[in-house]
Amino acid sequence: MTDTRESPSTSCATPVLEGHGLRLRAWDPESADDVEAWLRGHLDPEFRRWNTPLRTVADTAGARAALEGRKADAAAGHALPFCVTDAADGTILGQVAVNMIDRVLSFARVGYWVLPEARGRHVATGALLLAARWTFTEVGLHRLELGHALGHEASCRIAERCGFRHEGTLRGAMWEEGRRDAFRDVHLHARLATDPEPEFPESP
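All values reported here derive from a predicted model rather than from experimental measurement. (Residues numbered from 1 in each chain as written. Predicted model: local features only at pLDDT ≥ 70, side-chain atom pairs only at ≥ 80, totals over all residues. Heavy atoms only, no water.)

Draft legend 1. Quick peek at the packing of aromatic side chains. Tallied over the entire structure, the rule returns five aromatic pairs. Look at Trp-27 and Trp-38: their rings are 5.1 Å apart centre to centre, the planes differ by 85°, and that puts the pair in the edge-to-face class. Taken together, the residues span a long stretch of sequence, with Trp-27 in the loop between β3 (22–26) and α1 (32–43) and Trp-38 in helix α1 at a distance of 11 residues. Judged by relative accessible area, which is 4%, Trp-38 ranks as buried. Among the aromatic residues, those joined into a ring-pair cluster are Trp-27, Trp-38, Phe-47 and Trp-113. (Phe/Tyr/Trp six-rings, centres within 6.5 Å; stacked < 30°, edge-to-face > 60°. Helix = DSSP H or I, 4+ residues; strand = E, 2+ residues; numbered from the N terminus. Buried < 20%, exposed > 50% of the residue type's maximum accessible area, 1.4 Å probe, protein only.)

Rendered as structure tokens:
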């Protein structure tokens, strides 16, 4: 279920999306809980193994600055980052984001991460399905792309489970772990608005 009180065609406000036991909402740079979760997510060794973000986050100030940057991206219509929470109690579980939104070419790129304690519960799968459905039906984009570092099998399974077909390997398309002077290959997945929507898995 989607809160559509503000149309994405006329507003850049991040909507609230609900389903699969999850609630997706905007990140709040003024919330200590949001800042702490963002910092923990970016300091997690498994996250750092597969991602080298544009903005290095090493402390609370850096996490708050990063969230302020993401809020500005959303206001400008360039991206929509969602804080993924438990629908029942609001516990923060991770993030899913629609990035690099191009309304002319009608595509965007999606990414996600999940906090260590929330893994193995289909959190990324549910969040990605919700974000993709909203992007296709409400924003009206035609194509969503998803890339992950070669060898990241868990992310590959999530992508395919959510209907993002593997389309090829991009050579040297992302930074190596913890570096900005070396590159590694990326698996490219994509899903079109005309592709069938997968079912949410019954069990982890």
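Still more to cover.
Draft legend 2. Geometry of the state of the cysteines. Summed over all chains, the structure comprises zero disulfides. Free cysteine: Cys-156, not disulfide-bonded; nearest cysteine sulfur from Cys-162 at 12 Å. Given the relative accessible area of 0%, Cys-162 is considered buried. (Disulfide = S-S within 2.5 Å.)

Draft legend 3. Representation of α1 in the model. In a regular helix each residue adds 1.5 Å, so 12 residues correspond to 16 Å; α1 covers 16 Å between its end C-alpha atoms and thus fits that length. Those residues of α1 that fall on the buried side of the exposure criterion are Asp-34, Val-35, Ala-37, Trp-38, Leu-39, Gly-41 and His-42. Against β3, α2 (45–50), α3 (60–76), β5 (92–102) and β6 (107–114) lie the buried residues of α1. (Expected span 1.5 Å × (residues − 1). Contact = heavy atoms within 4.5 Å.)

Draft legend 4. Up close: the layout of surface pockets. Taken as a whole, the second largest pocket spans an internal volume of roughly 180 Å³. What lines the second largest pocket is simply His-42, Phe-47, Arg-48, Asn-51, Thr-52, Pro-53, Arg-55, Thr-56, Val-57, Gly-178 and Arg-180. (1 Å grid on protein atoms, 1.4 Å probe; cavity = no way out; pocket = protein on both sides within 12 Å on 5 of 7 lines; lining within 4 Å. Points joined across faces, edges and corners; volume = space filled by probe spheres on them.)

Draft legend 5. The pairing of strand β4 (residues 80–86), seen in detail. Across the seven residues of β4, seven count as buried, placing the element largely inside the fold. Taking every second residue as pointing to the same face, both faces of β4 are buried, with Leu-80, Phe-82, Val-84 and Asp-86 on one and Pro-81, Cys-83 and Thr-85 on the other. Here β4 folds back onto β5, and the loop between the two strands holds five residues, one of which, Gly-90, carries a positive phi near 80°. (Pairing = 2+ DSSP bridges.)

Draft legend 6. Looking closely at the pattern of salt bridges. All chains considered together, the criterion is met by 14 salt bridges. Between Arg-70 and Asp-73 there is a salt bridge, and its shortest N-O distance comes to 3.5 Å. Of this pair, Arg-70 and Asp-73 both sit in helix α3, three residues apart, roughly one helical turn. Here Glu-167 makes a salt bridge to Arg-143, at a shortest N to O gap of 2.7 Å. Of this pair, Glu-167 sits in strand β8 (residues 165–175) while Arg-143 sits in strand β7 (residues 143–149), placing them 24 residues apart in sequence. The class for Glu-167 is partly exposed, based on a relative accessible area of 44%. (Salt bridge = Lys/Arg side-chain N within 4 Å of Asp/Glu carboxyl O.)

Draft legend 7. Inspection of the nonpolar core at higher detail. Ranked by internal contacts, the top residues of the largest apolar core, which has 34 residues, are Leu-24, Val-96, Leu-128 and Phe-164. Going through the elements one at a time, β3, β4, β5, β6, α4 (123–139), β7 and α5 (153–161) are the ones with two or more residues in this core. Examining the composition of this core, we find that 11 residues originate from one element, α4, more than from any other. With sequence-adjacent residues up to four places away left out, Leu-128 is seen in contact with Val-96, Val-110, Tyr-112, Leu-146, Ile-158, Cys-162 and Phe-164. Formed by 14 residues, the second largest nonpolar core is a distinct cluster that contains Ala-37, Phe-47, Ala-63 and Leu-67. (Core = buried A, V, L, I, M, F, W, Y, C linked by side-chain atoms within 4.5 Å.)

Draft legend 8. Highlighting unusual backbone geometry. Unusually for a residue other than glycine, Ser-106 sits at a positive phi of about 60°. Here Ser-106 is to be found in the loop between β5 and β6.

Draft legend 9. Expanded view of the pairing of β7. The buried count for β7 comes to six of seven residues, which makes it a mostly enclosed element. By the bridge criterion, seven bridges tie β7 to strand β9 (residues 183–192) in an arrangement that is antiparallel. Residue pairing in the sheet places Gly-147 in a bridge with Leu-188 of β9.

Draft legend 10. The confidence of the model for the protein chain, seen in detail. On average, the protein chain scores 92 in pLDDT, and the residues at 70 or more come to 93%. With pLDDT under 50 throughout, residues 1–11 is counted as low confidence; its partners more than four residues away or in other chains account for 15 contacts. (pLDDT = per-residue confidence, 0-100.)

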